[in-house]
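Here is how the chains run, residue by residue.
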Protein chains: 2
Amino acid sequence: MKKLEHHECKSALLPVRDTLDIIGGKWKILILISIWEGNKHFREIERSIPKLSTKVLSSELKDMEANQLITRTVINGFPVRTEYEATAYSETLKSVIAELHSWGVNHRKKILGQ
Amino acid sequence: MKKLEHHECKSALLPVRDTLDIIGGKWKILILISIWEGNKHFREIERSIPKLSTKVLSSELKDMEANQLITRTVINGFPVRTEYEATAYSETLKSVIAELHSWGVNHRKKILGQ
DNA sequence: CCGCATCCGAGTGGATACTG
DNA sequence: CAGTATCCACTCGGATGCGG
């Protein structure tokens, strides 16, 4: 993708903020990765991420469902079980995460090597 | 850059979080863009970004200086003036921002088109 | 097992005033 | 002009308990 020029930055802001709102929190990427790794159930996801409370997990999952990164399926029976799964669409975030990762690796090298 | 595979995600997390910490706040990208657009002085930057208080601006600028995205130069005289400038290094964020932007544009299209 | 409701403390961020 | 200090409202998020 081409680089943004300075004069284009202002108009670029809203979508940038949208994206940051969606993946920028403290937990969303962790949760997404946990699901990518195969965790499907609420407690499974909770246990896979230290320090994450049920309240926060619950609200994060709702956001992510609204943004179509995951699906939520209730399986009737007793006890009730719920399955969360990553959507194909969520895969499109991988290039974004890859870019964040790449910059972060380089930045860490730069800051520490001084 | 190649896509991340699932099993690589865990090790990818720290650098991703680093990057999000650096640009993920509510203001940092706005401030960076304001400086890219030519605003150099504290009050100039403040006035260019609605709702941004001096306290927050002050602390954000410190973070950004620590991360070498900007430089701070005090010009003696009276009244004292200070110049903030974006570093060449800060330009490396443009591809990250471009990726966030591109995903955000597409996401907005997807969400609204329903 | 799933996940919401409630309570509550800590931290964030806004407004304003003030110093150098 | 540049930035800090203070006060305060508000939000966030942790702990816990409960209902389905």
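All values reported here derive from a predicted model rather than from experimental measurement. (Residues numbered from 1 in each chain as written. Chains lettered and ligands numbered in written order. Predicted model: local features only at pLDDT ≥ 70, side-chain atom pairs only at ≥ 80, totals over all residues. Heavy atoms only, no water.)

*Asks:* Help me understand the protein's contact with DNA strand D in this model?
*Replies:* Near DNA strand D lie 17 residues; those nearest to it are Lys-55 of chain A together with Arg-43, Ser-58, Arg-72 and Tyr-84 of chain B. Per the 4 Å cut-off to the protein, sugar and phosphate atoms form 51% of the nearby atoms of DNA strand D. Measuring from a phosphate oxygen of DNA strand D, one finds a backbone N or O atom of Phe-42 of chain B at 3.5 Å. Ser-58 of chain B has a polar side-chain atom sitting 2.5 Å from a phosphate oxygen of DNA strand D. For the surface near DNA strand D, the element with the most residues is helix α4 (residues 54–66) of chain B, which contributes 4 residues. (Near = heavy atom within 4 Å. Polar contact = N/O pair within 3.5 Å; in protein donor to acceptor, adjacent residues only side chain to side chain. Helix = DSSP H or I, 4+ residues; strand = E, 2+ residues; numbered from the N terminus.)

*Asks:* Is there a simple way to explain the packing of helix α5 (residues 93–112) of chain A against helix α5 (residues 94–112) of chain B in this structure?
*Replies:* In a packed pair of helices, the relevant descriptors are the angle between the two axes and the axis-to-axis distance. Two numbers describe how α5 of chain A lies on α5 of chain B: the axes approach to 9 Å, and their chain directions differ by 165 degrees. Taken as axis vectors, α5 of chain A and α5 of chain B run roughly antiparallel relative to one another. Every pair of crossing elements has a handedness; the one defined by α5 of chain A and α5 of chain B is left-handed. Of α5 of chain B, the residues touching α5 of chain A (which contributes Leu-93, Ser-95, Val-96, Glu-99, Leu-100 and Trp-103 of chain A) are Ser-95, Val-96, Glu-99, Leu-100 and Trp-103 of chain B. Taken together, the residues of the contact of α5 of chain A with α5 of chain B sort by class into 7 nonpolar, 2 polar and 2 charged. (Axes fitted to C-alpha atoms, helices over the stretch in contact; angles between N-to-C directions. Parallel < 35°, antiparallel > 145°, perpendicular 65-115°, else oblique. Left-handed = near helix turned anticlockwise from the far one by under 90°. Contact = heavy atoms within 4.5 Å. Nonpolar A, V, L, I, M, F, W, Y, C, P; charged D, E, K, R; others polar.)

*Asks:* Sorry, what's going on with the relation of the copies chain B and chain A here?
*Replies:* Mapping one chain copy onto the other needs a rotation about an axis and a shift along that axis. For the pair chain B and chain A, the best superposition has an RMSD of 0.0 Å and corresponds to a rotation of 180 degrees with a translation of 0.0 Å parallel to the axis. With respect to symmetry, the two chain copies, as superposed, fit the operation of a two-fold axis. Residues of chain B ranked by C-alpha distance from the rotation axis are headed by Gly-24 of chain B, positioned 3.1 Å from it. Residue by residue, 100% of the interface of chain B is reproduced at the interface of chain A, so both copies engage with the same surface. (Least-squares fit on C-alpha atoms with pLDDT ≥ 70 in both.)

*Asks:* I keep staring at the packing of aromatic side chains and nothing clicks. Help me out?
*Replies:* For any two aromatic rings, the description comes down to two numbers: the centre-to-centre distance and the angle of the planes. Counted by the stated rule, this structure contains 2 aromatic pairs over all chains. With 5.8 Å between their ring centres and 25 degrees between their planes, Tyr-89 of chain A and Trp-103 of chain B make a pair best called stacked. In this pair, Tyr-89 of chain A sits in the loop between β2 (81–86) and α5 while Trp-103 of chain B sits in helix α5, so the two residues belong to two different chains. With a relative accessible area of 11%, Tyr-89 of chain A lands in the buried category. Exposure remark for Trp-103 of chain B: the relative accessible area of 5% places this residue in the buried category. In this arrangement the basic side chain of Lys-110 of chain A is found over the ring face of Tyr-89 of chain B, its NZ or CZ atom lying 4.5 Å from the centre. (Phe/Tyr/Trp six-rings, centres within 6.5 Å; stacked < 30°, edge-to-face > 60°. Buried < 20%, exposed > 50% of the residue type's maximum accessible area, 1.4 Å probe, protein only. Lys NZ or Arg CZ within 6 Å of the ring centre and 35° of its normal.)

*Asks:* Help me out: how do you make sense of the protein's contact with DNA strand C in this one?
*Replies:* What surrounds DNA strand C is a group of 18 residues, the closest being Arg-43, Ser-58, Arg-72 and Tyr-84 of chain A together with Lys-55 of chain B. Close to the protein, within 4 Å, the atoms of DNA strand C belong to sugar or phosphate groups at a rate of 53%. Within the side chain of Lys-62 of chain A, an N or O atom sits 2.8 Å from a phosphate oxygen of DNA strand C. One nitrogen or oxygen atom from the side chain of Thr-82 of chain A is found 3.0 Å from a sugar or linking oxygen belonging to DNA strand C. Broken down by secondary-structure element, the contributors of at least two residues to the surface near DNA strand C are α3 (42–48), α4 (54–66) and β2 of chain A together with α4 of chain B. A per-element tally of the surface near DNA strand C places α4 of chain A first, with 4 residues. For the surface near DNA strand C, a count of residues per class yields 6 nonpolar, 6 polar and 6 charged.

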